[in-house]
Amino acid sequence: MLRIVCLLCFTSLILLSSCGFEEKHDAKQLYYRVAGINDTLDRMTSDWHQKLDQALVSKNFNELQPLRRELGTFISQSRLAISSVASTKGTDKVKADEDNLLATQSAMVAEVYPNFERFSALTPKEELDKALALLSNDLVAEKTAITLVKSDLDTMDAKYKIKKPLGKRK
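Just so it is clear, the model here is predicted, and its values are computed rather than measured. (Residues numbered from 1 in each chain as written. Predicted model: local features only at pLDDT ≥ 70, side-chain atom pairs only at ≥ 80, totals over all residues. Heavy atoms only, no water.)

A. View of the packing of aromatic side chains. As enumerated under the stated definition, the model contains five aromatic pairs in all. Seen from their ring centres, Phe116 and Phe119 are 5.7 Å apart, and the 85 degrees between their planes marks the pair as edge-to-face. The pair formed by Phe116 and Phe119 is uniform in burial state, with each residue classed as buried. Three or more aromatic residues joined by ring pairs make a cluster, and in this case those are Trp48, Phe61, Tyr113, Phe116 and Phe119. (Phe/Tyr/Trp six-rings, centres within 6.5 Å; stacked < 30°, edge-to-face > 60°. Buried < 20%, exposed > 50% of the residue type's maximum accessible area, 1.4 Å probe, protein only.)

Structure follows, in structure tokens:
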């Protein structure tokens with residue numbers, strides 16, 4: 001009797017793994033994790049740029065450092081979270097594009113954003129302009145990369161049927 005139960009459990013485990021159940025679960029986990037990370041990253045990056053715009057007018061750059069640190073911490077944690085999700089053939093492109101987005105934003109946060117924190121009302125306009133030139137397409141590049149990842153997520157959704165149609169949610 002015990003052998004039959006063990007054989008049935010083993011057979012059902014093989015059937016579940018061969019039908020792609022685990023792969024779909026991993027894809028679903030990655031899908032929602034990436035979508036949440038990108039929404040938060042976009043909001044935090046936009047907030048930092050909004051504070052920068054305000055700082056350029058008021059000449060008070062003190063509020064940028066806490067936002068940059070929070071953004072850097074979020075990116076580091078997000079990269080770790082994405083790398084911890086199991087990879088499958090269907091999720092490799094999403095993981096690669098998301099990691100590229102996070103790596104690019106991490107570099108901006110570490111190398112370009114801190115330049116503005118040392119500025120004050122006495123900073124020469126030329127120095128501000130140099131720093132702004134390094135930042136020129138940051139927000140546009142970030143939004144473009146997020147759009148690329150959303151396209152990857154849509155492709156993944158079509159393959160694994162992750163999102164339920166609105167009429168069928170319960």
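B. Representation of the side chain of Gln105 within the structure. Within the secondary structure layout, Gln105 lies in helix α4 (residues 92-111). Those residues in contact with Gln105, other than ones at most four positions away along the chain, are Leu41, Thr45, Ile75, Tyr113, Asp138 and Glu142. (Helix = DSSP H or I, 4+ residues; strand = E, 2+ residues; numbered from the N terminus. Contact = heavy atoms within 4.5 Å.)

C. Seen up close, the nonpolar core. Residues Phe61, Tyr113, Phe116, Leu135 and Met156 are the most contacted members of the largest nonpolar core, which totals 35 residues. Elements supplying a minimum of two residues to this core: α2 (21-58), α3 (64-83), α4, α6 (125-134) and α7 (138-160). The biggest single contributor to this core is α2, with ten residues. Here Leu135 is in contact with Trp48, His49, Leu52, Met108, Val112, Tyr113 and Phe116, once residues within four sequence places are set aside. (Core = buried A, V, L, I, M, F, W, Y, C linked by side-chain atoms within 4.5 Å.)

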